[in-house]
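# Analysis of the macromolecular model
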Amino acid sequence: MIVIGAGTAGCIVAQELSNAGRTVALFDEGAGSAVGPLSRLPLTDGPQVRWYSTGDGGLLPRGRGPGGSALINAGYFLRWHQADFGGWPWPIETVARAYDLVDGGGAAGWLRASRVADDELSPIAAAFEHAATAAGLPAVAGPWSDVGVNRLRLNRRGGDRWTAWDAIEPLRDVAVHGGARVDRIERVGPGWAVATDSAIYSAPTVVLAAGTLGTARILLRSNLVDGPELEFIEHREQLVRYHVRGAAPPATALLHTVIHLADGVELRPYNGGFASYIPGVEPDAAAVGVALMRPQSRGRLTLDPDGELRVALPIPTADDRRRIDAGVRTVRELLAGTELKGVAEPGSASADEPLGTSQHACGTTPLGTATTDDGELRDHAGVFVADGSVLPTGGSAGPHATIAAVAAVIGNRLAG
Ligand SMILES: Cc1cc2nc3c(=O)[nH]c(=O)nc-3n(C[C@H](O)[C@H](O)[C@H](O)COP(=O)(O)OP(=O)(O)OC[C@H]3O[C@@H](n4cnc5c(N)ncnc54)[C@H](O)[C@@H]3O)c2cc1C
């Protein structure tokens, strides 16, 4: 079996296949996997980042190399709300069991997800938690996220990131091909040929796990989708900037807590300006992200004339915009309240334009519609998709934990 992509999903699928004694070839376009401190997001030009173009000068980063985007992400690993799985082809018990594997049900799991402790909570995060609970929102307890204040779990060992690649070593019967970028796959007889930059491999079954953008590029280049484009889900985000009173002390991670509003908006009180966490960013004011987690709008993925992926981010519908605007008003109210007096300069709030993005692209080949319930492409037997591409809905929290859980289910079914 060939697995393309050694990110979160690819590693978990490879682990399940390896445990079942299957012979696997695991391809990744990156060759190395350097795990750094969670207090820095290494979004710099270098071997660990692949940049995808939005066609208008914008660039979107994705992790490159074993570990995938978890090598560069913010480390936040939250389950979605239970209500998010209403339209899924799997019963909630299946999802719950898979989450238990990857997050340990609240105590680590494969991805070593540990809760931000009270004594490491940044003053900014603590003040926002107080402000939100004073405004009547509940503090969410238990393994699932929900409407209210959700203290984050982070993938980490000590102060360092922890990726699925770290979790699965050592692998049995898995040949890892690093530095091998897959260009396309093609049916040959009963199986599939996989073409990289330098060689062609074949197998009866191929699992696409190159991340939503990487997998879309392969699907489009291989003419495995109807038409020239794929739609995707993204959590667009508006930043509300404000001035911190005094100096914001450096925190263990960019984000420690998130607030979920009832209409599907996530508020992210970042622990200061991005410049403290992302190399190369100009010094900037602190920010609260207002992220639209269950958008109606969809983005589009196409190939440019050179055959490279072009990403058109979703343009919010009127209802999406209404919910973002309501979230911005809520942040302004929180910033103006007494609980945040010690943290925020009064009257300093201003909303950034244009909208940003959460780097959460998903949902191009949804489970149960574009694929079978097991992730196999409906029109192409033997090709499975196991990464963020198959999320059928946008969810109420970041996608990482859910992608890991989905990969655990698909990997287990492939191995069985
Ligand atoms: C900067 C940033 C911050 C984020 N922060 C968070 C967060 O805090 N919380 C959260 O929930 N989510 C976050 N996300 C999203 C989350 O990290 C991703 O959705 C998740 O890691 C994707 O997992 P995946 O397995 O689908 O793909 P990935 O983990 O991206 O893995 C894809 C792998 O495929 C490889 N690959 C790609 N193309 C090819 C090819 N053609 N041939 C061979 N190999 C290929 C890549 O090298 C990579 O290793 C963030 C993302 C980014 C980029």
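Each remark here, short or long, concerns the structure printed above.
Everything quoted here is computed from the prediction, not taken from an experiment.

At a closest axis distance of 8 Å, the pairing of helix H1 (residues 8–19) and helix H7 (residues 400–415) adopts a crossing angle of 30°. What the angle tells us is that H1 and H7 run roughly parallel. Between H1 and H7 lies a crossing whose hand is right-handed. Residues Thr8, Ala9, Ile12, Val13, Glu16 and Leu17 of H1 form the contact with H7, whose own contacting residues are His400, Ile403, Ala404, Ala407, Ala408, Gly411, Asn412, Leu414 and Ala415.

Grouped together as the largest cluster of nonpolar side chains are 98 residues, with contacts concentrated most on Ile4, Tyr99 and Ile185. Per element, the largest residue contribution to this core is 11 residues, and it comes from H7. Inspection of this core shows a minimum of three residues originating in each of domain 1 (1–114 + 153–232 + 362–416) and domain 2 (117–151 + 236–292 + 317–354). Setting aside residues no more than four positions away along its own chain, Ile4 makes contact with Phe27, Val182, Ile185, Val194, Val206, Val207, Leu208, Ala209, Ala210 and Ile218. Formed by 26 residues, the second largest nonpolar core is a distinct cluster that contains Val240, Ala286, Val331 and Leu340.

Attention now goes to helix H3 (residues 123–134). Taking 1.5 Å of rise per residue, the 12 residues of H3 would be expected to cover 16 Å, and the 16 Å separating its terminal C-alpha atoms lies within 8% of that figure. Within the span of H3, buried status applies to Ile124, Ala125, Ala127, Phe128, Glu129, Ala131 and Ala132. At the C-terminal side of H3, Gly136 shows a positive phi close to 105°.

Attention now goes to the sheet that holds strand S10 (residues 182–188). Taken in spatial order, the three strands line up as S10-S11-S12 in an open sheet, and their pairing is antiparallel. In this open sheet, the two strands that pair with only one neighbour each are S10 and strand S12 (200–203). Here the strands of the sheet are splayed against their neighbours by 25° on average, with no regard to which way each runs. With four bridges joining them, strand S11 (residues 191–196) and S12 adopt antiparallel strand pairing. Bridge assignment links Trp192 to a residue of S12, and that residue is Ala203.

Moving on, we come to the sheet that holds strand S1 (residues 2–4). Pairing between sheet strands relies on hydrogen bonds along the backbone, with the strands arranged either parallel or antiparallel. Strand order in this open sheet of five strands is S9-S2-S1-S13-S23, and the pairing throughout is parallel. Bordering the open sheet on either side are strand S9 (174–177) and strand S23 (383–385), each of which pairs with just one other strand. Sheet twist, expressed as the mean angle between neighbouring strand axes with direction ignored, is 20°.

Procedures and definitions
Per chain, the residues get numbers from 1 upward, laid out in the order the sequence is written. Reporting of local features is limited, given that this is a predicted model, to residues whose pLDDT is at least 70; pairs of side-chain atoms are given and counted only at 80 or more, and all residues count toward the totals for whole chains, interfaces and linings. Side-chain figures throughout are based on the complete set of non-hydrogen atoms in the structure, without hydrogens or water. Comment: axis = line fitted to C-alpha atoms, over the contacting stretch for helices; angle = value between 0 and 180 degrees taken between N-to-C directions. A run of H or I in DSSP counts as a helix once it spans at least four residues, and a run of E counts as a strand once it spans at least two, with each numbered from the N terminus. With respect to orientation, any angle under 35 degrees is reported as roughly parallel, any angle over 145 as roughly antiparallel, any angle of 65 to 115 as roughly perpendicular, and every other angle as oblique. Rotating anticlockwise by less than a right angle from the far helix to the near helix defines a left-handed crossing, while the corresponding clockwise rotation defines a right-handed one. Should any heavy atoms of two residues lie within 4.5 Å, those residues are considered in contact. Grouping buried Ala, Val, Leu, Ile, Met, Phe, Trp, Tyr and Cys residues that are joined through side-chain atoms within 4.5 Å yields what is termed a nonpolar core. The classification of residues rests on relative accessible area computed with a 1.4 Å probe and restricted to protein chains. Under 20% of the type maximum is buried, over 50% is exposed, and intermediate values are partly exposed. What marks off one domain from the next here is an automatic or database domain assignment. To estimate how far a helix should reach, multiply one less than its number of residues by 1.5 Å. For two strands to be treated as a pair, DSSP must find at least two bridges joining them.

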